[in-house]
Amino acid sequence: MTTAPSVPVPVSVSLEIAVTSPTGALVARDGGADRVELCVGLELGGLTPSQALVEAVHETGIPAHALVRSRPGGFVYDGDELDLMEREVRAVLRSGAAGVVVGALRPDHTLDVDALRRFVDAARSVRASVEVTLHRAVDHATDPVAAVALLADLGFTRVLTSGGAPTASAGAATIARMVDAAGPVQVMAGAGVTPHDVPALLRTGVAAVHLSAKRSAGSAHDGVPMGTGDDGSAHFVTDAAVVAAARAALDA
């Protein structure tokens, strides 16, 4: 792993946990998370949660930022997909989400700034103060550092990134460069993060650390597959011990 430049650690670094259920949100809340990213289909990289799920997580009291991603796969979307996600942005916010997590790329792997403006405008049409996060589509951009430099003018609050690497630890040096380029936009490190990784990620200067803190639920099924992506594996749940360990690493 390349050593990241040493920069001052922010005074307060937030902990965000990716969850897929109200139970997961409660585990994250009680373990000391500052907010959750809410999605379904974590095994697919995360998809838009339902209205009922957003409402139920809102009732737990922890701020929930809903992922808006209409399908798995890449981040280049056609007009119908963009229309749907614009609707989903408004729907999840009206259902109680504290913020939204969005992203889109052009075929040349630069940010689709027109689509991103649409998402931000849709979010702010529901609530002017809402927080908007760019998701890890940025890690598929040709130049993640140049991409984050555009986000302040587009109205984004923060960006979730692994520095364009498979894991945030591997991309730590690039994450530090993204912090420098992002200006007022918060940079949040995520992808393959464990509590052990937190101290090194803090040295990049990030404003937040994101992890799924997941473990297998041990509820695999046998027999007829339920789709091409279904191998019968168990689904994931939020692990209270991992959340607590991440919180302790941040507080240390």
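Please refer to the structure higher up on the page.
Below: a short report on this structure. (Residues numbered from 1 in each chain as written. Predicted model: local features only at pLDDT ≥ 70, side-chain atom pairs only at ≥ 80, totals over all residues. Heavy atoms only, no water.)

1. Describing the nonpolar core
Next, step 1: Counting residues in hydrophobic clusters, the biggest one holds 69 residues, and the most contacted among them are Ile 17, Val 89, Val 100, Leu 151, Phe 156 and Val 209.
Next, step 2: Here this core takes 7 residues from helix α4 (residues 113-126), the largest share from any one element.
Next, step 3: Setting aside anything within four residues of it in sequence, one finds Ile 17 in contact with Ala 28, Ala 33, Arg 35, Val 36, Glu 37, Leu 211, Ser 212, Ala 213, Thr 238 and Val 243. (Core = buried A, V, L, I, M, F, W, Y, C linked by side-chain atoms within 4.5 Å. Buried < 20%, exposed > 50% of the residue type's maximum accessible area, 1.4 Å probe, protein only. Helix = DSSP H or I, 4+ residues; strand = E, 2+ residues; numbered from the N terminus. Contact = heavy atoms within 4.5 Å.)

2. Brief notes about the pattern of salt bridges
Next, step 1: Following the criterion strictly, the structure yields 12 salt bridges and no others.
Next, step 2: Across the pair Arg 247 and Asp 34 runs a salt bridge whose closest N-O atoms are separated by 3.1 Å. Remark: Asp 34 occurs in the loop between α1 (22-30) and β2 (35-38) and Arg 247 occurs in helix α9 (residues 240-251); sequence separation between them is 213 residues.
Next, step 3: Its salt-bridge partner being Arg 158, residue Glu 131 comes within 3.0 Å of it at the nearest N-O pair. Within this pair, whereas Glu 131 is found in strand β5 (residues 131-134), its partner Arg 158 is found in strand β6 (residues 158-161), the two being separated by 27 residues in sequence.
Next, step 4: Relative accessible area serves as the criterion here: at 28%, Glu 131 is assigned to the partly exposed category.
Next, step 5: When salt bridges that share partners are traced, they join Asp 83, Glu 86, Arg 90 and Arg 118 into one network. (Salt bridge = Lys/Arg side-chain N within 4 Å of Asp/Glu carboxyl O.)

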